[in-house]
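Chain residues, written in single-letter form:
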Amino acid sequence: MYDILIIGAGPAGLTAALYARRADKQVLVLEKETFGGQITYSPKVENYPGTLEMSGSAFGEQLLEQVLSQGAEVELEEVQSVALQADGTFLVQTDCQSHEARSVIVAAGSKHRQLGLDHENQWIGNGIYYCAVCDGAFQAGQEVAVIGGGNTALQDAVFLSQICKKVHILQDLPYLTGEKRLADQLLQKENVTVTTSTVVQTLLGQDHLTGLELRNTQTGEVSRLSVSGAFVAIGQVPENEPFSNLAQLDARGYFAAGEDCLTKTKGLFVAGDCRAKQVRQITTACGDGAVAALAACRYVDSL
Ligand SMILES: Cc1cc2nc3c(=O)[nH]c(=O)nc-3n(C[C@H](O)[C@H](O)[C@H](O)COP(=O)(O)OP(=O)(O)OC[C@H]3O[C@@H](n4cnc5c(N)ncnc54)[C@H](O)[C@@H]3O)c2cc1C
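Predicted model only: the values in this text are computed from it and were never measured. (Residues numbered from 1 in each chain as written. Predicted model: local features only at pLDDT ≥ 70, side-chain atom pairs only at ≥ 80, totals over all residues. Heavy atoms only, no water.)

Q: What exactly am I supposed to notice about the sheet that holds strand β11 (residues 192-195) here?
A: Strand pairing in a sheet relies on backbone hydrogen bonds. The paired strands run either parallel or antiparallel. Across the sheet, five strands lie side by side as β8-β15-β9-β10-β11; this open sheet has parallel pairing. One side of each edge strand has no neighbouring strand; the edge strands of this open sheet are β8 (128-129) and β11. Summarising the sheet, strand β10 (residues 166-170) and β11 pair through four bridges and their orientation is parallel. Note on β11: the bridge partner recorded for Ile169 is Val194. (Pairing = 2+ DSSP bridges. Helix = DSSP H or I, 4+ residues; strand = E, 2+ residues; numbered from the N terminus.)

Structure, rendered in structure tokens:
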């Protein structure tokens, strides 16, 4: 029986493990894909306090090493369900076995919704980006596209318009869905164009992005746009469904928990990008990890 079982080895889950181990709890971390979480896709992290610059994978590796050195167990297993047992402990079923724990922290993150086009995964960091604030600097002075028309896309476009030569906003709907204030701000900028009713149907290039093939959804007309970067901002997808029996989800599928990381189920905590919040960054994920771990430690000590 573990004191604290953590689902997800991204910044939130690994930080939770660090704090829980330092409080001398028996800790198991389960990760289904990549130790380090989604930040491992980023070639360069420049906004984590105390580090001038490092790759996302180096950040993930170092955090994992730190957690292992503190004595946490970390395994590659996909959690499929979490059940509350009659004695108040949790039964966690993975793709290969089950584990029991006194408390559980879900730090399952969220994924950027992808376009689903050929080369998209290979060119992440090489012309395909999902975070303008994080990766915009790689395209400074260049001509880029922002794919999407909601608030995230418009905020990305505002940010990119300050550092890029030209920014093309491409929206599949006939209108932008983001705030009017942002749209008005963008329409006044000389280096920003807005193209609605348009989808990207092909990513062009040999080993990195050099352009986009576009299709007008109303006329069917196909055209090409030369850009060296495309920032995809078509939403986030949380993967919280397996845990929704014990923790309330909001309308968008995120855990409806506040800064205290508490859920409606005693002993179950949520942390990081999987939680409803405004800012999804490493700093906020690590902050949640620490808060959730200390709450879980207090809970275990109270049993
Ligand atoms: C390309 C890119 C660049 C970025 N750049 C920056 C940056 O420069 N600075 C910054 O601050 N932020 C950046 N971010 C955002 C940052 O990566 C996230 O905010 C942060 O990783 C969130 O941490 P997390 O632990 O909450 O979630 P995640 O990092 O998403 O980790 C969650 C983990 O849980 C695992 N998991 C999910 N479901 C299960 C399951 N059922 N069983 C087991 N494991 C499961 C996932 O595989 C994943 O590894 C970037 C994101 C991307 C994609």
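Picking up after the structure, the text goes on.
Q: What is the right way to read the pattern of salt bridges from this model?
A: Any two side chains of opposite charge can pair, given that their charged atoms come close. Under the counting rule described, the total for this entry stands at 10 salt bridges. Between Glu33 and Lys111 there is a salt bridge; the shortest N-O distance is 3.4 Å. Within this pair, whereas Glu33 is found in the loop between β2 (27-31) and α2 (56-69), its partner Lys111 is found in strand β7 (residues 110-112), the two being separated by 78 residues in sequence. For Glu33, a relative accessible area of 42% gives the class partly exposed. A salt bridge links Asp184 to Lys180; the shortest N-O distance between them is 2.7 Å. Of the two residues, Asp184 and Lys180 both sit in helix α5 (residues 180-187), four residues apart, roughly one turn of that helix. (Salt bridge = Lys/Arg side-chain N within 4 Å of Asp/Glu carboxyl O. Buried < 20%, exposed > 50% of the residue type's maximum accessible area, 1.4 Å probe, protein only.)

Q: What should I look at first to understand the layout of surface pockets in this one?
A: Picture a little ball the size of a water molecule; that probe, rolled over the atoms, points out where space is still empty. Each pocket or cavity is described by its volume, and for the second largest pocket that value is around 220 Å³. Forming the boundary of the second largest pocket are 15 residues, of which Ile147, Gly148, Gln171, Asp172 and Ile234 lie nearest the centre. Here the element with the most residues in the lining of the second largest pocket is strand β12 (residues 198-204); it accounts for three residues. Classifying every residue of the lining of the second largest pocket by side-chain character gives eight nonpolar, six polar and one charged. (1 Å grid on protein atoms, 1.4 Å probe; cavity = no way out; pocket = protein on both sides within 12 Å on 5 of 7 lines; lining within 4 Å. Points joined across faces, edges and corners; volume = space filled by probe spheres on them. Nonpolar A, V, L, I, M, F, W, Y, C, P; charged D, E, K, R; others polar.)

Q: Where do I start with the site of the ligand in this structure?
A: As a structural note, the neighbourhood of the ligand is formed by 34 residues, with Ala12, Glu31, Asn47, Asp273 and Ile282 the closest of them. A distance of 3.5 Å separates an oxygen atom of the ligand from a polar atom in the backbone of Ile39. Relative to its free-state accessible area of 1,000 Å², the ligand is covered by the protein chains to the extent of 96%. At the level of elements, α1 (11-22), β2, β7, α3 (132-135) and α6 (282-302) are the ones that each hand at least two residues to the shell around the ligand. For the shell around the ligand, the class distribution of residues is 14 nonpolar, 12 polar and eight charged. (Near = heavy atom within 4 Å. Polar contact = N/O pair within 3.5 Å; in protein donor to acceptor, adjacent residues only side chain to side chain. Areas by Shrake-Rupley, 256 points an atom, 1.4 Å probe, with all protein chains shown as cover.)

Q: Is there a simple way to explain the nonpolar core in this structure?
A: Side chains that are nonpolar tend, in soluble globular proteins, to be buried together. Counting residues in hydrophobic clusters, the biggest one holds 35 residues, and the most contacted among them are Ile4, Ile6 and Ile105. Top element by residues in this core is α6. It accounts for 10 residues. Look past the residues within four positions of Ile105 in its chain and what remains in contact with it is Ile4, Leu5, Ile6, Ile7, Ala16, Phe269, Ala271, Ala292, Ala293 and Ala296. Counting residues in each nonpolar core, the second largest holds 20 residues, with Ile7, Ala101, Val104 and Phe243 among its members. (Core = buried A, V, L, I, M, F, W, Y, C linked by side-chain atoms within 4.5 Å. Contact = heavy atoms within 4.5 Å.)

Q: What is the right way to read the packing of aromatic side chains from this model?
A: For any pair of aromatic rings, geometry is given as the distance between the ring centres together with the angle between the planes. Under the criterion given, the structure shown has four aromatic pairs. An angle of 20° between the planes, with centres 4.9 Å apart, marks the rings of Tyr129 and Phe231 as stacked. Here the residue Tyr129 occupies a position in strand β8, and Phe231 occupies one in strand β15 (residues 229-232), the gap between them amounting to 102 residues. A single burial state applies to Tyr129 and to Phe231, both of which are buried. (Phe/Tyr/Trp six-rings, centres within 6.5 Å; stacked < 30°, edge-to-face > 60°.)

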